[in-house]
Number of protein chains: 2
Amino acid sequence: MRITLIGSGNVSTHLAAAFKNAGHRIIQVYSRQMQHAALLAYHVGASAIDSLADISADTDLFVISVKDDAIKDIAPHLTGQGKLVVHTSGAVSLQELQNFTKNAGVFYLLQTFSKTKEVNFWDVPLCVEGSDDNITKMLEELARTISNNVYRVDSAQRKVLHLSAVFACNFTNHLYDISQQLLAEHNMSFDMLRPLITETADKVREHSPADVQTGPAVRHDLQTMTAHLQMLEGKDELKQIYHLLSQDIIKNHKAPNSDK
Amino acid sequence: MRITLIGSGNVSTHLAAAFKNAGHRIIQVYSRQMQHAALLAYHVGASAIDSLADISADTDLFVISVKDDAIKDIAPHLTGQGKLVVHTSGAVSLQELQNFTKNAGVFYLLQTFSKTKEVNFWDVPLCVEGSDDNITKMLEELARTISNNVYRVDSAQRKVLHLSAVFACNFTNHLYDISQQLLAEHNMSFDMLRPLITETADKVREHSPADVQTGPAVRHDLQTMTAHLQMLEGKDELKQIYHLLSQDIIKNHKAPNSDK
């Protein structure tokens, strides 16, 4: 397929490489900043543009990967020729594109990307939705050229998926951050925790998280929890986070579970 | 070394296998429940006992891996012969054993164990502390026979390490659980999130968590955060957890970070 990428951030960057490796052609890369567009365009043999007036109609698909609230501003510039337009947002409904065109879809990558770290794209879950069944099928086929994990997900489900991902990924990473800060205050390296973090994530590849919950809260070990809250004296946010998550674990595991 | 294990839970089970593989001899395994003691003892060629009166003095080291509050009850039964006694708790100070013997130490495994999942023991961080320098050195040497990650950690540091591990492991696993519950309510499988969880943990193997934080909070994306809180209407604990963690991310990342 001939594909035009709107945006040059992490999602566009990884998507561009995956599409190119699968034999698709990237026609143009748009960014408000020419140097960003140029860098990504160079890597995938596309033209770089920094004005939506320069968009070429000589393409099969526009993929919008920009900030959520910019999607509605960009969409009307792409829908003139009746070409298929998709966005890649977890939180924005299909309707926001359908306000401008009936040839609309969503191509949501359920993964966290950094520009500096490669990802095995074949494992990335791709969630597709089209404004009609033909578009959904077409997006599904396109998705299967770059991933083995393709799902049909409607807008309501995708919002829940995105919310779940905030808990499982964004909040989890912040907990890593908190633990690093606690260690640093006592001259210990985050390296000490890295194997534990890896193993905690590994465990739920084959188990349900509830079945492998460990720690003072699931043991209903009030003595340790009280001692931990005392250690957090003066750090009000961390105390609240500790208390709230511990209470929620206890509520979810009414029978104490010994992990010793 | 000749080693006696007090307790037959996850820590004892994994430690027993690692010691045996390294050529040490497990003499006895104690558990209050004979069938638990017998199962572990059978696997490592030891005797099983369910009464502390049957403890043999014919050993070099007692390793206590029981619930934190049971350590002080068990210790006096082991210290009669002047043999080295260690516990494996993150939250209990060395002093609690030193109340009974000067030959005391701590052998803390900074890892999460399930009986059903194998762990590469060479990667497990072992944190040792002895009541004198000879004991510390001896525990360090013993630790190096089963792990490549051996640290000297005093009781004050170990408590912080344990607290950090609650954030990075126990609370993280509970966030996985929350995300699974949200997906299940909308007929989606936790499988969809598994690649994201793996990648989130993988990222911090080489990066500092603060440097790879993504999501609505770090982008200061109030619109998405408000929508997420609305989706959590009626789930008060989850709303509070969402709000508190988002606020703490914003506080820690005062300049918004675009991850698109």
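As the structure is a computational prediction, the values presented were derived from the model and not from experiment.

Caption draft 1: Examining the overall build of chain A more closely. A tally of regular secondary structure across chain A gives 9 helices and 8 strands. Here the C-alpha coordinates of chain A stretch approximately 65 × 40 × 30 Å along the principal axes. Counting across all 260 residues of chain A, residues that qualify as buried make up 58%. When the accessible surface of chain A is totalled, it reaches about 10,700 Å², and 46% of it is carbon and sulfur. If the 24 positive side-chain charges of chain A are averaged to one point and the 29 negative ones to another, these points end up 2 Å apart.

Caption draft 2: Representation of the pattern of salt bridges in the model. Scanning the model with the defined rule gives 24 salt bridges over all chains in all. For the salt bridge of R158 of chain A with E129 of chain A, the shortest nitrogen-to-oxygen distance reads 2.8 Å. With R158 of chain A in helix α6 (residues 155-185) and E129 of chain A in strand β7 (residues 125-130), this residue pair connects regions lying 29 residues apart in the sequence. Overall, the relative accessible area of 13% leaves E129 of chain A in the buried class. K251 of chain A is the partner of E237 of chain B in a salt bridge, and the nearest nitrogen-oxygen pair spans 3.1 Å. Here K251 of chain A lies in helix α9 (residues 236-252) and E237 of chain B lies in helix α9 (residues 236-252), a pairing that spans two chains.

Caption draft 3: Up close: the interface of chain B and chain A. With 100 residues of chain B at the interface, the matching set in chain A holds 100 residues. A combined buried area of about 9,400 Å² lies between chain B and chain A, and 65% of that area is made up of carbon and sulfur atoms. One can count 2 salt bridges joining chain B with chain A. Where chain B packs against chain A, one counts 36 residue pairs in polar contact (both at pLDDT 80 or more).

Caption draft 4: Highlighting the sheet that holds strand β2 (residues 25-30) of chain A. Residues and elements named next belong to chain A. Across the sheet, which stays open at both edges, the 8 strands sit in the order β3-β2-β1-β4-β5-β6-β7-β8 with mixed pairing between neighbours. With one partner strand each, in any of the chains shown, β3 (47-49) and β8 (149-152) form the two edges of the open sheet. Pairs of neighbouring strands in the sheet enclose a mean axial angle of 25°, with direction left out of account. Summarising the sheet, strand β6 (residues 104-109) and β7 pair through 5 bridges and their orientation is antiparallel. Each residue of the ladder has a partner; that of L109, found in β7, is L126. Contacting β2 and β3, helix α2 (residues 34-44) crosses the sheet at an angle of about 165° to β3.

Caption draft 5: Representation of the UniProt feature "domain: DUF2520" (unreviewed entry) in chain A. Summarizing the sequence annotation, UniProt attributes the feature "domain: DUF2520" (unreviewed entry) to residues 124-248 of chain A in the numbering used throughout. Here residues 124-248 of chain A runs as 63% helix and 8% strand, with 30 Å between its end C-alpha atoms.

Caption draft 6: Layout of the packing of helix α8 (residues 222-231) of chain B against α9 of chain B. All names here are of chain B. Look at α8 against α9: their axes get within 10 Å of each other, and the N-to-C directions meet at 165°. Classified by the angle their axes make, α8 and α9 are roughly antiparallel. The way α8 lies across α9 gives a crossing that is right-handed. In this structure, α8 contributes T224, M225, H228 and L229 to the contact, and α9 contributes K239, Y242, H243, S246 and I250. Across the contact of α8 with α9, the residue classes break down as 4 nonpolar, 4 polar and 1 charged.

Caption draft 7: Summary view of helix α8 (residues 222-231) of chain A. When α8 of chain A is considered as a whole, its buried residues turn out to be T224, M225 and H228 of chain A. Down the axis of α8 of chain A, the sector holding all buried residues measures 100°, keeping them to one side. Residues of α8 of chain A that are exposed and point more than 90 degrees away from the buried face comprise L222, Q223 and Q230 of chain A. For α8 of chain A, the elements touching its buried residues are α9 of chain A together with α6 (155-185) of chain B.

Caption draft 8: Local environment of the domain arrangement of chain A. Residue and element names in this part refer to chain A. Along its sequence, chain A is organised into domain 1 (2-153) and domain 2 (160-252). In this complex, domain 1 contributes 7 residues to the contact, which on the side of domain 2 involves 4 residues. Overall, the association of domain 1 and domain 2 removes approximately 390 Å² of surface from exposure, summing both partners, and the carbon and sulfur fraction of that is 84%. When the buried surface of domain 1 facing domain 2 is broken down by residue, Y108, L110 and T112 rank first, second and third, together holding 63% of it. At the junction of domain 1 with domain 2, the criterion picks out 0 salt bridges. Taken together, the connections running from domain 1 to domain 2 amount to 0 residue pairs in polar contact (both at pLDDT 80 or more). Here the side of domain 1 that touches domain 2 is composed, by residue class, of 5 nonpolar, 2 polar and no charged.

Rules of the game
Residues numbered from 1 in each chain as written. Chains lettered and ligands numbered in written order. Predicted model: local features only at pLDDT ≥ 70, side-chain atom pairs only at ≥ 80, totals over all residues. Heavy atoms only, no water. Helix = DSSP H or I, 4+ residues; strand = E, 2+ residues; numbered from the N terminus. Buried < 20%, exposed > 50% of the residue type's maximum accessible area, 1.4 Å probe, protein only. Areas by Shrake-Rupley, 256 points an atom, 1.4 Å probe, with all protein chains shown as cover. Lys, Arg positive; Asp, Glu negative; His and termini not counted. Charge placed at Lys NZ, Arg CZ, Asp CG, Glu CD. Salt bridge = Lys/Arg side-chain N within 4 Å of Asp/Glu carboxyl O. Contact = heavy atoms within 4.5 Å. Buried area = accessible area lost by both parts, 1.4 Å probe. Polar contact = N/O pair within 3.5 Å; in protein donor to acceptor, adjacent residues only side chain to side chain. Pairing = 2+ DSSP bridges. Axes fitted to C-alpha atoms, helices over the stretch in contact; angles between N-to-C directions. UniProt positions renumbered as here; feature names shortened; annotations may be inferred. Parallel < 35°, antiparallel > 145°, perpendicular 65-115°, else oblique. Left-handed = near helix turned anticlockwise from the far one by under 90°. Nonpolar A, V, L, I, M, F, W, Y, C, P; charged D, E, K, R; others polar. Arc of directions from axis to C-beta. Domains from an automatic or database assignment.

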